[in-house]
Amino acid sequence: MRPHRQPVEPPPRLLKALTAGARKGSVVRINEVSLIPPAEGRKYWRIKTHFAGLTFDAKTGSTPGLAYAAYLDANAWLASMRAGHIGAPENEAAPLVEFVDSYIARRGPDGKWRERTQRDRGNDFKPLRDLAVKRNLMCRELNAAILREFIASAGTVNRGRTLLNITGTMLRFGRHAGYFTRDQADAVAGIRWVPPEGYIQQASRRDQAKAQVDIATGGNVLTHQQVADWADACQRRWTHGLALIHACALLGARSGEIRVLTASRDVADAGRGNFVALDRGEILIRHQAGTGKGPKLDLPKNSKIRDIIIPTASPAGFNIWEWLPDRVEQALAEQEHGKNRRALIFPNGAMNVFEENNLRNRVWGPAAAEMGWRMEEYVTATGRRMALSRFTLHSLRDRYANTAIHEWGYTEEQLLQQGSWQDAETVRRFYSGTTDDTHSSVRRLHGLE
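Conventions we followed
Residues numbered from 1 in each chain as written. Predicted model: local features only at pLDDT ≥ 70, side-chain atom pairs only at ≥ 80, totals over all residues. Heavy atoms only, no water. Helix = DSSP H or I, 4+ residues; strand = E, 2+ residues; numbered from the N terminus. Rg over C-alpha atoms; globule rule 2.2 N^0.38 Å. Buried < 20%, exposed > 50% of the residue type's maximum accessible area, 1.4 Å probe, protein only. Contact = heavy atoms within 4.5 Å. Areas by Shrake-Rupley, 256 points an atom, 1.4 Å probe, with all protein chains shown as cover. Lys, Arg positive; Asp, Glu negative; His and termini not counted. Charge placed at Lys NZ, Arg CZ, Asp CG, Glu CD. Polar contact = N/O pair within 3.5 Å; in protein donor to acceptor, adjacent residues only side chain to side chain. Phe/Tyr/Trp six-rings, centres within 6.5 Å; stacked < 30°, edge-to-face > 60°. Lys NZ or Arg CZ within 6 Å of the ring centre and 35° of its normal. Arc of directions from axis to C-beta.

Notes on the overall build of the protein
- Helix and strand counts for the protein come out as 19 helices and twelve strands.
- For the protein, the C-alpha radius of gyration of 29 Å lies well beyond 22 Å, the compact-globule estimate for 449 residues.
- Expressed as lengths along the three principal axes of its C-alpha atoms, the size of the protein is roughly 100 × 60 × 35 Å.
- Counting the 449 residues in the protein, one finds 44% classified as buried.
- The long-range fraction of contacts in the protein, counting pairs at least 24 apart against all pairs at least 6 apart in sequence, stands at 60%.
- By element, 49% of the accessible surface of the protein is carried by carbon and sulfur atoms, the whole surface being about 23,400 Å².
- The positive charge centre, built from 64 side chains, and the negative charge centre, built from 49, are 8 Å apart in the protein.

As structure tokens, then:
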């Protein structure tokens, strides 16, 4: 439980007693807690109480407000001791919001969360936190009804399942840490996300894309021409838009990895970027940017660091070996003049790391809409209007996988190492697929086009 660090205004009668005690130098006794005022040679209030041979003894400031804050801590300690003594969770009297904040601050049950996961969980549990603050809930008051209200904040069934899963993990930890009973920790087992009347579960982005193109000829992987056209549309919105799209298609790097590419070995060695090692013909992937604004980087997904070979082939008409050396030289010059301190290959307008949402909203999202890839709008259970894109920046990993398999001749082992996928089945299920040209290419084999 987090101790009070700020003064708390005492009730009027108690304030009067504390003021008189400080003036007379006499101990103020409130129930089982002794508040010992400052005296000669001691500048601070001292708060003491006992339970079952154990002692709570705290020094605090010289004001009544700080003395009262320490008294509240002593009271909470007593409640914890009593609860533990009778077999109840010893921290059941802790404010629920403090437990949630503490759980997020310690990075989950084992302290293993990455910075990005920590941020995500802060957003995930915000509705529960808001409920706890609004109703001034203690941990012992958490029940299935409150959890149902929290889970109902999800806008889709998949989001509801996610919230149930992470909440179950948090409550089990809370039980073991002495905040909740077994029944409280098991409450999520009797809860599910309930769709409101009229709600229709939407398919995944990939499945929506399949449904909104010609089912006989449409594919789930960008053609080289679509890559080139999209790159042109992005270039009209950002200085490096064309190169970004082609680089993602040729390198297979994730957004968080490519947004922190740097021309500076020193920046890379300091853990602040992924180095473009032209002398080796490789991109050294060691980090990825998170979703937040902070400078700290995470490890790549699944902690898979790798060295991506810069390809010499240019299937979509963009020669990365002609562009990249010039851009590296330019980025180092920008750094030397104090404009691009991390010598980023793809910086935003302020010469910092481009945030993921900002890059989508300003560059590739509008360009994708221009390409006609915006799919049919739908409404979530919470009333939010959504319209996904048939292809996204991450779709360029699909293009990379297909190019590597069918044109560069990568073996399965080579592809998994270079693309950093979890396993071959993941590639087969999601990344290796057909394009809008696949059907017509079969027709050409038979002389029909």
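Further notes follow.
Details of the environment of R236
- In this structure, R236 sits in the loop between α10 (224-235) and α11 (241-251).
- Residue class for R236 comes out exposed when judged on its relative accessible area of 55%.
- Counting along the chain gives 86 residues from R236 to F150, while the straight-line C-alpha distance between them is 43 Å.
- A polar side-chain atom of R236 sits 2.3 Å from a polar atom in the side chain of E370.

Regarding the packing of aromatic side chains
- A complete count under the given rule lists 20 aromatic pairs for this structure.
- With a centroid separation of 6.2 Å and 50° between ring planes, the pair formed by W238 and F346 is classed as tilted. With a gap of 108 residues between them, W238 in the loop between α10 and α11 and F346 in the loop between α14 (320-336) and α15 (356-370) connect regions that are remote in the sequence. The two residues W238 and F346 agree in class, both being buried.
- Across from the ring centre of W113, 5.9 Å away, lies the NZ or CZ of R121, which sits over that ring.

With respect to helix α5 (residues 126-135)
- Residues of α5 that are buried: L128, L131 and A132. Down the axis of α5, the buried side of the element spans an arc of 100°, and every buried residue falls inside it.
- Buried residues belonging to α5 abut α3 (96-105), α6 (144-151) and α7 (157-176).
- Where α5 ends, the next residue or the one after it, N136, has phi of about 55°, a positive value.

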